[in-house]
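# Coordinate inspection notes
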Amino acid sequence: MQTLKVSLAERSYPIHIGVNLLSRADLLQPHLKNKKAVVVTNVTVAPLYLDRLMATLGVLGVDALPVILLDGERYKTWETLNQIFDALLDAHCERSTTLIALGGGVIGDMGGFAASCYQRGMPFIQVPTTLLSQVDSSVGGKTAINHPLGKNMIGAFYQPQLVLADISTLDTLPDRELRAGLAEVIKYGLIRDPEFFDWLEANIQLLLARDRQALAYAVQRSCANKADVVAADERETGERALLNLGHTFGHAIETGMGYGEWLHGEAISAGTLIAMDLSCRIGLVTVDDVFRVKKLFINAGLPVRGPQMPAERYLELMRHDKKVQDGKLRLVLMKGIGEAIVSDVASEREILASISACCT
Ligand code: NAD
Ligand code: GLY
């Protein structure tokens with residue numbers, strides 16, 4: 001097992017990464033002193049891992065209530081959030097009850113948002129079970145639900161007290177979801193870790209074959225990058241925005257196509273290639289760089305072209321992006337492999353041209 005730390009003064013917390021961590025009562029024990037918990041999960045993850053986690057909580061003498069939600073990005077809504085509040089209130093949960101999110105990024109984001117609001121904040125633990133949630137969404141405290149007009153538009157910054165990334169849970173993850181997670185892994189190499197990008201080029205097939213050692217390394221290296229960025233800029237006033245490479249375009253794809261149609265990681269993959277094209281168009285990266293990045297995403301089995309939607313529709317959806325400032329669109333662009341910037345220099349004409357060039 002490896003342990004990393006997200007350093008945020010009194011809100012610092014550990015990320016444990018390893019196999020069979022769901023059974024490790026010793027890792028949960030320091031964070032469950034109050035002996036009361038609610039486990040928020042969904043109908044897919046519950047039959048796979050809920051019993052194991054409940055048994056571990058039982059060893060600790062924790063009285064735990066499961067809350068099992070419907071599965072899918074399209075349920076990341078007010079209505080589903082309210083089901084969590086209904087369950088908490090029905091069970092007379094006090095604000096010292098710990099909310100444990102067991103599942104992928106949808107459960108983690110929604111569970112975290114519920115924890116941030118219930119009685120103005122309750123303790124929160126992330127137990128991510130997808131590659132994407134282990135390398136990205138469980139770390140850093142961004143929580144949210146979707147709005148019909150935009151992805152993750154309603155939410156809060158709320159840090160967990162612990163992240164328990166059990167690599168063994170990835171055994172049951174569908175291939176498509178594994179590939180989607182790789183999009184966020186590649187992101188770290190692209191924006192700030194060129195050595196990791198080289199490693200990914202050499203080892204992508206091992207990751208796709210679910211080699212445990214390779215997966216554990218990719219999760220650990222991704223989390224180390226994310227922990228550094230979050231420690232430096234928790235509330236995204238600067239560097240943290242770089243973690244949104246491909247997201248302005250990707251969120252437009254997710255919202256425009258209907259939540260769940262394109263997986264988050266797939267939309268980020270296509271969005272990153274649009275950002276690369278734009279970076280090349282305005283002279284920040286070379287055609288060779290674009291080719292290299294495209295090749296890695298193709299080798300990871302990810303889409304490198306966006307869906308057919310009028311370029312103006314993309315732009316309309318992108319105007320809801322959280323990086324818009326004074327009405328001006330700011331995008332994460334690449335300056336080379338391993339270096340990203342936030343920039344507003346691309347003109348609307350150039351953005352539209354890149355969308356048209358990169359979408360079928
Ligand atoms: P997800 O939560 O929808 O999980 C993907 C699918 O895998 C679901 O059907 C889920 O039930 C299933 N699943 C989960 N664990 C499984 C397992 N071990 N075995 C079998 N099936 C399993 O999707 P995701 O890719 O994990 O997360 C995407 C979400 O994360 C999006 O809503 C995105 O906006 C959000 N996100 C948030 C952040 C953040 O910083 N908060 C960062 C990136 C993404
Ligand atoms: N996934 C983007 C962030 O956490 O900032």
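As a starting point, this report considers the structure included with it. Remember, predicted model here, so these are calculated numbers, not experimental data.

The next subject is a nonpolar patch on the surface. Taken together, the side chains of Val43, Ile68 and Leu70 present a nonpolar region at the surface, about 260 Å² in accessible area. Residue Ile68 is classed as partly exposed on the basis of its relative accessible area of 43%.

Around ligand 2 lies a shell formed by Asp136, Lys142, Lys226, Glu236, Arg240, Leu243 and Asn244. At a separation of 3.2 Å, a nitrogen atom of ligand 2 approaches a polar side-chain atom of Asp136. Protein chains shield 90% of the accessible area of ligand 2, which is 200 Å² for the free molecule. Grouping the constituent residues of the shell around ligand 2 by class yields one nonpolar, one polar and five charged.

Another aspect to go through is the pairing of strand E7 (residues 142–147). In the case of a regular strand, side chains alternate between the two sheet surfaces. Pairing of E7 with strand E8 (residues 150–157) involves five bridges; the strand directions are antiparallel. Within the sheet, the bridge partner assigned to Lys142 lies in E8 and is Phe157. In this structure, the hairpin formed by E7 and E8 is closed by a connection of two residues.

Let us now look at the site of ligand 1. Of all residues adjacent to ligand 1, which total 28 residues, the nearest are Asp71, Thr129, Thr130, Lys151 and Thr172. The contact in question runs from a nitrogen atom of ligand 1 to an N or O atom on the backbone of Lys142, over 2.9 Å. A distance of 3.4 Å separates an oxygen atom of ligand 1 from a polar side-chain atom of Lys226. When ligand 1 sits alone it has 860 Å² of accessible area, and the protein chains cover 91% of it. Sorting the residues of the shell around ligand 1 by element identifies helix H2 (46–59), helix H4 (105–117), helix H5 (131–137), E8 and helix H6 (175–192) as the ones contributing at least two each. Residue classes in the shell around ligand 1 are distributed as seven nonpolar, 11 polar and 10 charged.

Right, let's get into the nonpolar core. Counting residues in hydrophobic clusters, the biggest one holds 76 residues, and the most contacted among them are Leu131, Met318 and Ile351. Apart from residues no more than four positions distant in its own chain, Met318 is found in contact with Thr248, Phe249, Ala252, Val324, Leu329, Leu331, Ile351 and Ile355. With 23 residues, the next largest nonpolar core counts Leu28, Leu32, Tyr49 and Leu57 among its residues.

As for its placement among the helices and strands, Arg11 is situated in the loop between strand E1 (2–6) and strand E2 (13–18). Setting aside chain neighbours within four positions, we find Arg11 in contact with Gln159 and Glu234.

How each quantity is defined
Residues numbered from 1 in each chain as written. Chains lettered and ligands numbered in written order. Predicted model: local features only at pLDDT ≥ 70, side-chain atom pairs only at ≥ 80, totals over all residues. Heavy atoms only, no water. Patch = residues over 30% accessible without salt bridge, like charges linked within 9 Å, V, L, I, M, F, W, Y side chains within 5 Å. Areas by Shrake-Rupley, 256 points an atom, 1.4 Å probe, with all protein chains shown as cover. Salt bridge = Lys/Arg side-chain N within 4 Å of Asp/Glu carboxyl O. Buried < 20%, exposed > 50% of the residue type's maximum accessible area, 1.4 Å probe, protein only. Near = heavy atom within 4 Å. Polar contact = N/O pair within 3.5 Å; in protein donor to acceptor, adjacent residues only side chain to side chain. Nonpolar A, V, L, I, M, F, W, Y, C, P; charged D, E, K, R; others polar. Pairing = 2+ DSSP bridges. Helix = DSSP H or I, 4+ residues; strand = E, 2+ residues; numbered from the N terminus. Core = buried A, V, L, I, M, F, W, Y, C linked by side-chain atoms within 4.5 Å. Contact = heavy atoms within 4.5 Å.

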